[in-house]
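Residue strings, one per chain:
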Amino acid sequence: MTTSEQGTETPGAEAAPTANAMRRALRRARDGVALDTAEAAVLLRARGADLAGLTASAARVRDAGLEAAGRPGVITYSRKVFIPLTRLCRDTCHYCTFVTVPGKLRRAGEGMFLSPDEVLDIARRGAALGCKEALFTLGDRPEDRWPEARAWLEAHGYDDTLAYVRAMAIRVLEETGLLPHLNPGVLSWTDLQRLKPVAPSMGMMLETTATRLWSEPGGPHHGSPDKEPAVRLRVLEDAGRSNVPFTTGVLIGIGETYEERAESLFALRRTARAYQGIQEVIVQNFRAKPGTAMRAMPDAELEELAAAIAVARHILGPSARIQAPPNLADAEYALLIGAGIDDWGGVSPLTPDHVNPERPWPQIDELAARTADAGFELRERLTVYPEFIRRGEPWLDPRLLPHVTALADPETGLAREDARPSGLPWQEPDEQFTATGRTDLHRTIDTEGRTTDRREDFDAVYGDWEALREAAAPGMAPSRIDADVRSALATAADDPTRLTDAEALALLHADGPALDALCSVADDLRRSVVGDEVTYIVTRNINFTNVCYTGCRFCAFAQRRTDADAYTLSLEQVADRAAQAWDVGAVEVCMQGGIHPDLPGTAYFDIARAVKERVPGMHVHAFSPMEVVNGASRTGMPVREWLTAAKEAGLDSVPGTAAEILDDEVRWVLTKGKLPAATWVEVIGTAHELGIRSSSTMMYGHVDQPRHWLGHLRLLAGMQRQALEKGALGFTEFVTLPFIHTNAPVYLAGIARPGPTVRDNRAVTAMARLLLHPYITNIQTSWVKLGAEGAAEMLRSGANDLGGTLMEETISRMAGSSYGSYRSVRDLTAIAEAAGRPARPRTTTYGEVPEERQAAAAASDGHLPELLPVLGD
């Protein structure tokens, strides 16, 4: 790409902007008015005097941001070593010289990957020179393309490249004290959970949102599966959801138009705004390299780079950290500082820039002098920016905190320049199961209530509420449809398995007499499949902690560790509560908790084992799919291996919670950091294959629509059909969970509806019976959320199960449910009688309850005596 002073020769032969358009855009930028894409595209072509005006206003924005950050007049950099873990890649970017092929590595006498000794040698030499960052750079999943890479990993005991990345990051932390910054390419949500405990920050360049550069033959990214813009944007979003401080950026001059360049910057702004997880944005200029398909492509000129930096500053705002690599600047440092950067990125006194090897790093003393010439002080930072160090949890894993604290200035969050890294253990925090906080919440929630209706970090922890309002708007008022309900009812009555999606949607919208008829059809099916008995289980809920930083916007249970209502139980308390439940006739404990940052991945095994050791006969129904993924990620174990270990420790079945709505369109409004729908399906499917049964659930009535309910129910039915075909028993039941809105953050922010209507509850219950037939035969209604009368109505609408006595129920009560924390056996029997039906106790898997357990439950009426103490409360 070449540009004249007025930028008339541009990618795609774009017409030059008029002088009026440039003046207007410059004025709006100068006045701080929000730019649109067209105006940004105009400004990207500013040159000469226009560029001087643009950069001057951008510099003022930058300076205001540095003042607000508490470091006015400071440009930062990170002293690093570059660890090229492997130069193999499954992608074929047409400008890249970093990537090579196995044959060339063999001829050069090099391995497919750096060996552990080679990695540690680089890191140790860097530490000796005062480096504090170990930048791991590598190709995307080379084992998917190169058998040699797969063979190397298998020979060295690693399942995949990311397993090796994780292992080497831990070695670097423990043996050198350098802080890993990981650039392994495209990562899934699960990958991010896996790597977050071993790296304070990660990164991946967005490069561009111009899909045509990936999809069209001859484009720079054609033939590279990991360079699809939608895939890369998803990584940025998942990193934000996962609270990973993330570095990204744009690569200018690879064939994109100015408008496409502007669109890329706006895409970064949207992600930064929604998740607040982008710690820096790199604006990098393309440099043609010999031996590549793009060797004849003109370099992006430095004035073009300056314009891109200035426009990025205006779009991203004063709080953004914007970087330009100094080794690609041809010593025009003042130009880039004047355009609005506030960071030079990583600079190494030891290793070359392996991505741009022809461009050596400047000497740090020279960089400091040239920065000073422009009126700024050069200060060293860590790989994780000061803002994220100050935020603390959940942005820094507790296992990394000692390593970061050892190198960070406690006042500024920048690097202590006199600090020399030294290896520190990478380990779980001590005393993970010390009882802390409001451990009597299970009792006092009914008498004293919650301390406040929301967390103190309400405005920050859940992401950007305004962006969420825009995303949630379509679900605020469920749309109605016109359809032939009468015909759909006839199909449902004849054979519900023949219901089309259109017919099912018509029935989900049914009201009045049509709804009454629908519930009657569902109730008739219930009677023919499971009979008239209403089942219930004598169980106790044990929520072992409510400390959680996942950021679920529907959850009023989660607390920070410093909040007044926060608590964590000790293992002894968990076991005591299980024993108390056994004494009053329980056959099950249901155990779930928040994603506490201090609890190791093996904590779940300890919890299950503690219950089994105290009460061997108790069924342990525990750990949602989110907890399973958390445990697997923290231990570095595959989900299958982790579930196998949990089963050996005493886990009998898992709750199918954390499902909410299994559609990411809805999930990413409801939650910031919870697992995607596909991961939920993977975890539950794996559990079923291992013989671990689960319930299934759906929380509805918030920002969802009936079409989402339909998709959710169809998905569950398909999962159960597949499980049965494989010889697994799969789901035990389906549980309807009406959204409790009162204290839910997403409702308090004015985004969600105030829960489902009575009509919604009846339609969901009835359609669950019909759409899950014949695969899931038990449909449970929730007295906790609906009360006795509401539950009885659902029993007349297709449900056959009332769930459990619970003994303690904190999650719904914290959300604002007014129906108490437990129900006695007599209470549950009365609900069944109100529906005109008999009741009987059951086990978790709907079997017969032993007579001894029935007698114990009858003697106590299935609930704890009011004055029964809980040790340590």
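Since we're looking at a predicted model, the values are computed, not measured. (Residues numbered from 1 in each chain as written. Predicted model: local features only at pLDDT ≥ 70, side-chain atom pairs only at ≥ 80, totals over all residues. Heavy atoms only, no water.)

Overview of the overall build of the chain
To be explicit about the condition: Segments assigned H or I by DSSP are reported as helices when at least four residues long, segments assigned E as strands when at least two residues long, and all are numbered from the N terminus. Throughout, radius of gyration means the C-alpha value; the globule benchmark is 2.2 Å times the number of residues raised to the power 0.38. Residue contacts are counted whenever heavy atoms from the two residues lie within 4.5 Å of one another.
The secondary structure content of the chain amounts to 35 helices and 21 strands. Taking 2.2 N^0.38 as the reference for a compact globule, 873 residues should give roughly 29 Å; the C-alpha atoms of the chain span a radius of gyration of 29 Å, in line with that estimate. If you line up the chain on its principal axes, its C-alpha atoms span 85 × 60 × 55 Å. For the chain, the share of sequence-separated contacts (at least 6 apart) that also reach a separation of at least 24 residues comes to 78%.

Structural notes on the environment of M699
With respect to the helices and strands, M699 occurs in strand β17 (residues 693-700). Distance from M699 to D226, taken between C-alpha atoms, is 34 Å for residues 473 residues apart in sequence. Ignoring sequence-local partners within four residues, the contact set of M699 consists of F554, E660, I661, L670, D704, L737 and F739.

Some words on the confidence of the model for the chain
Do not read the fine detail of predicted coordinates wherever pLDDT is low. We apply this condition: Each residue carries a pLDDT value, the predictor's own confidence for that position, ranging from 0 to 100.
When pLDDT is averaged along the chain, the result is 91, and 94% of the positions lie at 70 or above. The low-confidence segment residues 1-10 (pLDDT under 50) makes 30 contacts with residues lying over four places distant or belonging to another chain. In the model, residues 867-873 has pLDDT below 50 throughout and makes 19 contacts with residues more than four positions away in sequence or in other chains.

Here we look at the packing of aromatic side chains
The cut-off we apply is this: Two rings belonging to Phe, Tyr or Trp (six-membered ring only in the last case) form a pair when the distance between their centres is within 6.5 Å. Interplanar angles under 30 degrees mark stacking, angles over 60 mark edge-to-face geometry, and anything in between is tilted. Burial classes: relative accessible area under 20% of the type maximum marks a residue as buried, over 50% as exposed, and values in between as partly exposed (1.4 Å probe, protein chains only).
Summed over the entire model, instances satisfying the criterion amount to 14 aromatic pairs. Ring centres of Y333 and W344 lie 5.5 Å apart, and the angle between their planes is 85°; this geometry places the pair in the edge-to-face category. Placement of Y333 in helix α13 (residues 333-339) and of W344 in strand β8 (residues 343-347) is noted, with a sequence separation of eleven residues between them. For the pair shown, Y333 and W344 are each scored as buried. Both rings, one in F544 and one in F623, keep their centres 6.4 Å apart while their planes meet at 75°; by these two values the pair is edge-to-face.

Some details on the side chain of E260
Following the sequence through the fold, E260 ends up in helix α11 (residues 258-275). Look at E260 and you get buried, because its relative accessible area is 13%. Excluding residues within four positions of it along the chain, E260 makes contact with T209, A210, R212 and G255.

Some words on the packing of helix α25 (residues 625-635) against helix α26 (residues 639-649)
Convention followed: Axis angles are defined between N-to-C directions and span 0 to 180 degrees, where every axis is a line fitted to C-alpha atoms and, for a helix, only to the segment in contact. Throughout, the term roughly parallel applies to angles under 35 degrees, roughly antiparallel to angles over 145, roughly perpendicular to angles from 65 to 115, and oblique to all others. The classification used treats Ala, Val, Leu, Ile, Met, Phe, Trp, Tyr, Cys and Pro as nonpolar, Asp, Glu, Lys and Arg as charged, and all other residues, Gly among them, as polar.
Where α25 contacts α26, the two axes come as close as 9 Å, and the packing angle between them is 105°. Relative to α26, α25 is oriented roughly perpendicular. Facing α25, whose interface residues are V628, G631, A632 and T635, α26 presents V639, W642 and L643. Of the residues belonging to the contact of α25 with α26, the class tally is five nonpolar, two polar and no charged.

Quick word on unusual backbone geometry
At the junction of E393 and P394, the peptide bond is cis and its omega measures out at 5° in the coordinates. For P394, the position within the fold is in the loop between α15 (386-391) and α16 (401-407). Residue H773 is joined to P774 through a cis peptide bond whose omega torsion reads 0°. Relative to the helices and strands, P774 resides in the loop between α31 (758-771) and β19 (779-780).

Details of helix α32 (residues 783-795)
Owing to its 3.6 residues per turn, the α-helix aligns residues three or four sequence positions apart on the same side. This is how it is decided: One less than the number of residues in a helix, times 1.5 Å, gives the span that helix is expected to have. Fitting one axis to the seven residues ending at a residue and another to the seven starting there, the bend at that residue is the angle between the two axes.
Over its 13 residues, α32 extends only 11 Å from the first C-alpha to the last, a length that falls short of the 18 Å expected when each residue adds 1.5 Å. The largest bend along α32 reaches roughly 85° and is located at E789. The element α32 is largely enclosed, with a buried count of ten among its 13 residues. Those residues of α32 not exposed but buried are W783, V784, K785, L786, G787, G790, A791, A792, M794 and L795.

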